Amino acid sequence: MAATLMDGKALAQTVRAEVARDVAALGVPVGLATVLVGEDPASAIYVRMKREACAEAGIESIHHELPASTPEADMLALVEDLNADPRVTGILTQLPLPEQIDEDHVINAIDPMKDVDGFHPANAGFLFQGRPTLVAATPSGVMEILRAYDVELEGARAVVIGRSNIVGKPMALLLLAEHATVTIAHSRTRDLAEVAREADVLVAAVGRADTVTAAMVKPGATVIDVGINRVDGKVRGDAADDVREVAGLLTPVPGGVGPMTIAALLRNTVRAARYQSGELAFPLA
Ligand code: NDP
């Protein structure tokens with residue numbers, strides 16, 4: 001039987017409407033600063049989509065565009081200004097940055113309470129400790145999809161393929177927090193197919209089309225396809241087409257994890273505003 005597709009697009013609409021209500025009820029202004037450096041077309045599209053989502057939810061969008069040649073010192077100075085600006089309750093620097101700018105230096109410079117991407121070591125550390133604050137948007141969005149489709153996680157075998165700081169690792173920690181038995185696979189994993197076939201919940205966050213094939217999926221498993229790959233002018237995930245014939249639940253690409261990433265970013269933006277207003281206590285403050 002073909003897999004049921006998990007409709008991230010529809011779910012994201014529901015979340016975005018909820019966020020808009022939260023913003024209206026908050027009573028303090030919420031503003032997301034986006035910083036785009038250079039002219040990468042994919043980055044420009046992502047930032048535009050995030051800004052549109054903010055506008056729809058009643059979040060002020062404060063946008064900065066810098067040339068690709070921007071020195072690191074200028075970028076860090078801008079982050080300092082945004083940290084100090086009370087209009088700005090969230091800061092998002094679109095990655096990747098040009099090579100003269102060290103991404104870690106920029107991430108570390110962002111006020112952890114304004115770190116809506118959840119990449120700052122303080123926020124990553126709180127997640128590691130099992131007391132999440134601002135958590136990376138993509139894995140947060142995935143968890144919301146899993147909840148919406150009542151996917152049983154407690155005691156389940158979960159395999160995450162990919163170990164990046166922005167997707168794979170936080171994804172594994174969130175699944176662990178829900179009491180799944182988690183394996184993280186990566187490019188050095190021996191016999192990926194055998195490891196993947198163990199999974200009741202399989203998350204692919206690799207960035208290479210056809211990484212996961214039907215033969216690697218346990219029949220009836222939930223497959224979350226995080227990958228975004230451009231192949232012959234089309235957007236494709238990491239899962240091959242034949243995965244649909246074996247999986248029980250599957251996120252489509254596009255229309256699965258992508259829209260939920262933006263929805264989760266908006267949720268983080270509201271949460272960041274709550275930290276700054278004092279409504280929520282930030283563990284470092
Ligand atoms: P990275 O390139 O940082 O990480 C990719 C991971 O995949 C690495 O851990 C790498 O292993 C692993 N990997 C690479 N090749 C293989 C292989 N053959 N077998 C097993 N593992 C492999 O990517 P990101 O985590 O940033 O993103 C992953 C994908 O998710 C990309 O397609 C990206 O575009 C997409 N994405 C989608 C988002 C969305 O909103 N839907 C948001 C963010 C990302 P190793 O560590 O050993 O190198």
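Our subject is the structure that appears above.
As the structure is a computational prediction, the values presented were derived from the model and not from experiment.

Just to check I follow, could you spell out the site of the ligand for this structure?
Surrounding the ligand, one finds 20 residues, the nearest of these being R163, S164, S187, G207 and T261. For the ligand, a nitrogen atom lies 3.5 Å from a polar atom in the side chain of R208. The separation between an oxygen atom of the ligand and a polar main-chain atom of I228 is 3.0 Å. Here the ligand, which alone exposes 930 Å², has 69% of that area covered by the protein.

Got a minute to help me understand the packing of helix α1 (residues 8-26) against helix α2 (residues 41-57) in this structure?
For any two helices packed against each other, the geometry is given by the interaxial angle and the distance between the axes. Following both chains from N to C, one finds α1 and α2 inclined at 55°, their axes separated by 8 Å at the closest point. If you check the angle between α1 and α2, you find them oblique. Each of Q13, R16, V19, A20 and V23 in α1 lies in contact with α2, whose residues at this interface are A53, E56 and A57. A breakdown of the residues in the contact of α1 with α2 according to their chemical character gives five nonpolar, one polar and two charged.

Would you explain the sheet that holds strand β2 (residues 31-37) in this entry?
Either a parallel or an antiparallel arrangement is found when strands of a sheet pair, and the pairing is made through backbone hydrogen bonds. The strand order across the open sheet formed by three strands is β3-β2-β4, and the pairing between neighbours is parallel. Looking at strand neighbours, the two that pair on one side only are β3 (60-66) and β4 (90-93), the edges of this open sheet. Neighbour-to-neighbour, the strand axes of this sheet turn through a mean angle of 15°, independent of strand direction. Across seven bridges, β2 lies against β3 in parallel orientation.

When you look at the sheet that holds strand β7 (residues 201-204) in this model, what are you seeing that I'm missing?
Ordered by their spatial adjacency, six strands build an open sheet running β1-β11-β8-β7-β5-β6, and the pairing between neighbours is parallel. Only two strands of the sheet have a single partner each, and these edge strands are β1 (4-5) and β6 (181-185). One ladder, built from four bridges, connects strand β5 (residues 157-161) with β7; its direction is parallel. Residue pairing in the sheet places V160 in a bridge with V203 of β7.

What exactly am I supposed to notice about the nonpolar core here?
Proteins that are soluble and globular tend to have nonpolar side chains buried together. In this structure, V19, I59, L146, L175, V203, I224 and V226 are the most contacted members of the largest nonpolar core, which totals 54 residues. When contributions to this core are tallied by element, the ones reaching two or more residues are α1, α2, α5 (121-128), α6 (137-148), β5, α7 (168-177), β7 and α9 (257-277). Considering each element in turn, this core owes the most residues, 11 residues, to α9. Each of domain 1 (28-112) and domain 2 (136-259) accounts for three or more of the residues forming this core. If sequence neighbours within four positions are ignored, L146 has contacts with M6, V151, L153, L175, V201, T222 and I224. Core analysis: the second largest hydrophobic core is formed by 18 residues, A3, L202, V212 and A221 among them.

Calculation notes
- Residues numbered from 1 in each chain as written.
- Predicted model: local features only at pLDDT ≥ 70, side-chain atom pairs only at ≥ 80, totals over all residues.
- Heavy atoms only, no water.
- Near = heavy atom within 4 Å.
- Polar contact = N/O pair within 3.5 Å; in protein donor to acceptor, adjacent residues only side chain to side chain.
- Areas by Shrake-Rupley, 256 points an atom, 1.4 Å probe, with all protein chains shown as cover.
- Axes fitted to C-alpha atoms, helices over the stretch in contact; angles between N-to-C directions.
- Helix = DSSP H or I, 4+ residues; strand = E, 2+ residues; numbered from the N terminus.
- Parallel < 35°, antiparallel > 145°, perpendicular 65-115°, else oblique.
- Contact = heavy atoms within 4.5 Å.
- Nonpolar A, V, L, I, M, F, W, Y, C, P; charged D, E, K, R; others polar.
- Pairing = 2+ DSSP bridges.
- Core = buried A, V, L, I, M, F, W, Y, C linked by side-chain atoms within 4.5 Å.
- Buried < 20%, exposed > 50% of the residue type's maximum accessible area, 1.4 Å probe, protein only.
- Domains from an automatic or database assignment.

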